[in-house]
Amino acid sequence: MDCVETATFKDQSPEEVKRLLHMVVVGGGPTGVEFAGELQDFFENDLRKWIPEIAGNFRVTLVEALPNVLPMFSKQLIDYTEQTFKEETIEIRTKTMVKNVTDKYIEAEFTGPDGKKQLEKIPYGLLVWATGNALRPVVKDLMSQIPAQKDQRRGLAVNEYLVVKGTENIWAVGDCAIANYAPTAQVASQEGAFLARLFNQMAKTTDIEGELAHMSEVQGAAPTKEARDEAFNTIKDLQKRLRRVKQMGPFEYSHQGSLAYIGSEKAVADVSWLTGNLASGGRLTYLFWKSAYLNMCFSRKSHPFFTR
């Protein structure tokens, strides 16, 4: 809104108005695509009516380093998304890598028709970064102290139990961890649930081992054969429980599918279904997308009128 209002000030040059009304989104994943679609919706449904004089200059550009947007979706949904963006007048710049960002323009590298790399300055009023994140200082500092992590650049390498390699009692999940899965919320959520189960199992293991040590003392001090046998039976039961607790397997990611809103009340969905995938796009998919996200916003546990 600051860009839009500033663009309407008196005596602004045409070049400055175009810069202010150029909204650039960097990153062609679901986050970048959804933001670009929502932003264009905001212009079409509201800004165009409120401030009609900006209509000729307002534009949204999506910049992606890869050859396509939404690389985790099927080819037909990628094509559908790109066609929808074309109809919505959202420009897609694929195979374009941002090399530098200033307060008024980005420097983007792309391959020209002659096959040579070219650098272009793209002015913007609003820039939204929806692509990869740099390492946080605390993660960098930790990596520098672990010899096994010295060759890592994108995050902490972890094993199949999400233990940081080179350590015994440090776990990492989400964007700071490299676990051979895409750095998405779906992966991080499942990793978090896995660690919760793992930590609960570890707590149970500690409790059972404590009980075993106590029962060994009880058996050793038992005054009669019956008391020793009773303690021995208890120890056997505890050992069975301990074996079951320690049988927890490594983390395995289960992909539930991908959803993305692409503007104009349309969405795309690539959802796991039985033994395959179900791919769809359009207005009906938008209703499915909306219901899925609304469902995530509510929980029976938090609602005062529901009981567990």
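Each residue is numbered by its place in its chain's sequence as written, counting from 1. Per-residue local features of the predicted model are confined to residues with pLDDT of at least 70, and side-chain atom pairs are confined, for both listing and counting, to 80 or more; whole-chain, interface and lining totals are unaffected and use all residues. Note that water and hydrogens are dropped before the side-chain values are worked out from all heavy atoms of the structure.

A.B. asks: Can you walk me through the overall build of the chain in this structure?
C.D. replies: Tallying secondary structure elements over the chain gives eight helices and 12 strands in all. This radius of gyration counts C-alpha atoms alone. The globule rule is 2.2 Å times how many residues there are, raised to the power 0.38. Taking 2.2 N^0.38 as the reference for a compact globule, 308 residues should give roughly 19 Å; the C-alpha atoms of the chain span a radius of gyration of 28 Å, well beyond that estimate. Considered along the principal axes of its C-alpha atoms, the chain spans approximately 100 × 50 × 40 Å. Relative accessibility under 20% of the residue-type maximum defines a buried residue, over 50% an exposed one, and the middle range a partly exposed one, all with a 1.4 Å probe and only protein chains included. Residue burial in the chain is summarised as follows: out of 308 residues, 35% are buried. The contact criterion used is simple: two residues touch if any of their non-hydrogen atoms lie within 4.5 Å. A separation threshold of at least 6 residues defines the contact pool for the chain, and within that pool the share at least 24 residues apart is 54%. None of His or the chain ends enter the tally, which takes Lys and Arg as positive and Asp and Glu as negative. The atoms used to mark charge sites are NZ of Lys, CZ of Arg, CG of Asp and CD of Glu. In the chain, 37 side chains carry a positive charge and 39 a negative one; their mean positions are 4 Å apart. Helix and strand assignments follow DSSP, with helices taken as H or I runs no shorter than four residues and strands as E runs no shorter than two, numbered in order from the N terminus.

A.B. asks: It is not clear to me how the packing of aromatic side chains should be interpreted in this structure. Could you clarify?
C.D. replies: For any pair of aromatic rings, geometry is given as the distance between the ring centres together with the angle between the planes. Here the aromatic set is Phe, Tyr and Trp, taking the six-membered ring for Trp, and pairing holds for ring centres within 6.5 Å; pairs whose planes are under 30 degrees apart are stacked, those over 60 apart are edge-to-face, and all others are tilted. Taken as a whole and judged by the stated rule, the model has 10 aromatic pairs. Ring centres of Phe194 and Phe251 lie 5.6 Å apart, and the angle between their planes is 70°; on these two criteria the pair is classed as edge-to-face. Here Phe194 is found in helix H6 (residues 185-221), whereas its partner Phe251 is found in the loop between helix H7 (225-245) and strand S10 (257-263), with 57 residues between them in sequence. You'll find Phe194 and Phe251 in the same group, each marked buried.

A.B. asks: Whenever I open this one, H7 confuses me. Can you help?
C.D. replies: Residues that lie three or four places apart on an α-helix share one face, since the helix turns once every 3.6 residues. Each residue after the first adds 1.5 Å to the expected span of a helix. End to end, H7 covers 30 Å across 21 residues, agreeing with the expected 30 Å (1.5 Å per residue, within 8%). On its buried side, H7 packs onto H6.

A.B. asks: Can you help me understand the packing of H6 against H7 in this one?
C.D. replies: For any two helices packed against each other, the geometry comes down to the angle between their axes and how far apart the axes lie. Interaxial angle, 0 to 180 degrees, is taken between N-to-C directions of lines fitted to C-alpha atoms, where a helix line uses only the stretch in contact. Their axes nearest at 9 Å, the elements H6 and H7 cross at an angle of 165°. By the criterion of interaxial angle, the relationship of H6 to H7 is roughly antiparallel. Crossing hand, H6 versus H7: left-handed. Residues Gln201, Lys204, Thr205, Ile208, Glu209, Glu211, Leu212, Met215, Ser216, Val218 and Gln219 of H6 form the contact with H7, whose participating residues are Arg228, Ala231, Phe232, Thr234, Ile235, Leu238, Gln239, Arg241, Leu242 and Val245. Angles are sorted into four bins: roughly parallel if under 35 degrees, roughly antiparallel if over 145, roughly perpendicular if 65 to 115, and oblique for all others. Helix crossings get a hand from a simple test, with the near helix turned counterclockwise from the far one by less than a right angle marking a left-handed crossing and a clockwise turn marking a right-handed one.

A.B. asks: Quick question: what am I supposed to make of the side chain of Asp41 here?
C.D. replies: The residue Asp41 is located in helix H3 (residues 30-50) in this model. Of the side chains bearing the opposite charge, Arg283 lies closest to the buried Asp41, which forms no salt bridge; the N-O distance is 8.8 Å. Setting aside its immediate chain neighbours within four residues, Asp41 contacts Asp46, Tyr261, Gly263, Ser264 and Glu265. The term salt bridge refers to a side-chain nitrogen of Lys or Arg lying within 4 Å of a carboxyl oxygen of Asp or Glu.

A.B. asks: Even after reading the chapter, I still don't get unusual backbone geometry, so can you show me in this structure?
C.D. replies: Most peptide bonds take the trans configuration, and most residues that are not glycine carry a negative phi. Look at Leu70: it is not a glycine, yet its phi comes out positive at around 45°. The residue Leu70 is located in the loop between strand S2 (59-63) and helix H4 (75-87) in this model. A positive phi angle, near 65°, is found at Thr89, a position not held by glycine. Structurally, Thr89 can be placed in the loop between H4 and strand S3 (90-93).

A.B. asks: Just to check I follow, could you spell out the sheet that holds strand S4 (residues 96-101) for this structure?
C.D. replies: Through backbone hydrogen bonds, the strands of a sheet pair up, either in parallel or in antiparallel fashion. Should DSSP find at least two bridges between two strands, the strands are taken to pair. One open sheet holds the three strands; their spatial order is S4-S5-S6, and the pairing between them is antiparallel. Each having just a single partner strand, S4 and strand S6 (117-123) make up the two edges of the open sheet. Geometrically, the sheet is characterised by an average inter-axis angle of 30° between neighbouring strands, direction not taken into account. Summarising the sheet, strand S5 (residues 105-111) and S6 pair through seven bridges and their orientation is antiparallel.

A.B. asks: I would appreciate a short explanation of the sheet that holds S2 in the present structure.
C.D. replies: Strand order in this open sheet of four strands is S3-S2-S1-S7, and the pairing throughout is parallel. Both outer strands of the open sheet, S3 and strand S7 (126-129), are each paired with one neighbouring strand and no more. Averaged over all pairs of adjacent strands, the angle between their axes in this sheet comes to 20°, without regard to strand direction. On the sheet, H3 packs against strand S1 (22-26), S2, S3 and S7 and is oriented at approximately 175° with respect to S2.

A.B. asks: How should the nonpolar core be read in this particular structure?
C.D. replies: Here is a general trend for soluble globular proteins: nonpolar side chains tend to be buried in one another's company. Ile54 and Phe58 are the most contacted members of the largest nonpolar core, which has 29 residues in total. Elements with a minimum of two residues in this core: helix H1 (2-7), helix H2 (14-20), S1, H3, S2, H4 and S10. The dominant element in this core, judged by the number of residues it contributes, is H3, at five residues. Beyond its immediate stretch of four places on either side in the chain, Phe58 contacts Leu21, Met23, Leu39, Gln40, Phe43 and Leu47. To qualify as a nonpolar core, a set must consist of buried Ala, Val, Leu, Ile, Met, Phe, Trp, Tyr and Cys residues joined through side-chain atoms within 4.5 Å.

A.B. asks: What is the right way to look at the side chain of Gln149 in this model?
C.D. replies: Its place among the elements puts Gln149 in the loop between helix H5 (137-144) and strand S8 (156-157). When its relative accessible area of 1% is taken as the criterion, Gln149 is described as buried. Looking at Gln149, its side chain comes within polar contact range of the main-chain oxygen of Lys165, at 2.9 Å. Contacts of Gln149, omitting those with residues within four sequence positions, involve Met143, Gly155, Leu156, Ala157, Val164 and Lys165. Any pair of nitrogen or oxygen atoms within 3.5 Å is treated as a polar contact; in protein, a donor-acceptor pairing is required on top of that, and neighbouring residues in sequence qualify only through side-chain atoms on both sides.

A.B. asks: Before we go on, may I ask you to explain the pattern of salt bridges in this structure?
C.D. replies: When the charged atoms of two side chains with opposite charge come close together, those side chains can pair. With the rule as written, the count across this model stands at eight salt bridges. In this structure, Glu91 and Arg59 form a salt bridge, with 3.8 Å as the shortest nitrogen-oxygen distance. Linking Glu91 in strand S3 with Arg59 in strand S2, this pair joins segments that are 32 residues apart in sequence. Among the ionic pairs, Arg93 bridges to Glu120, the shortest N-O distance being 2.7 Å. Of this pair, Arg93 sits in strand S3 while Glu120 sits in strand S6, and the two are 27 residues apart along the sequence. Exposure remark for Arg93: the relative accessible area of 16% places this residue in the buried category.

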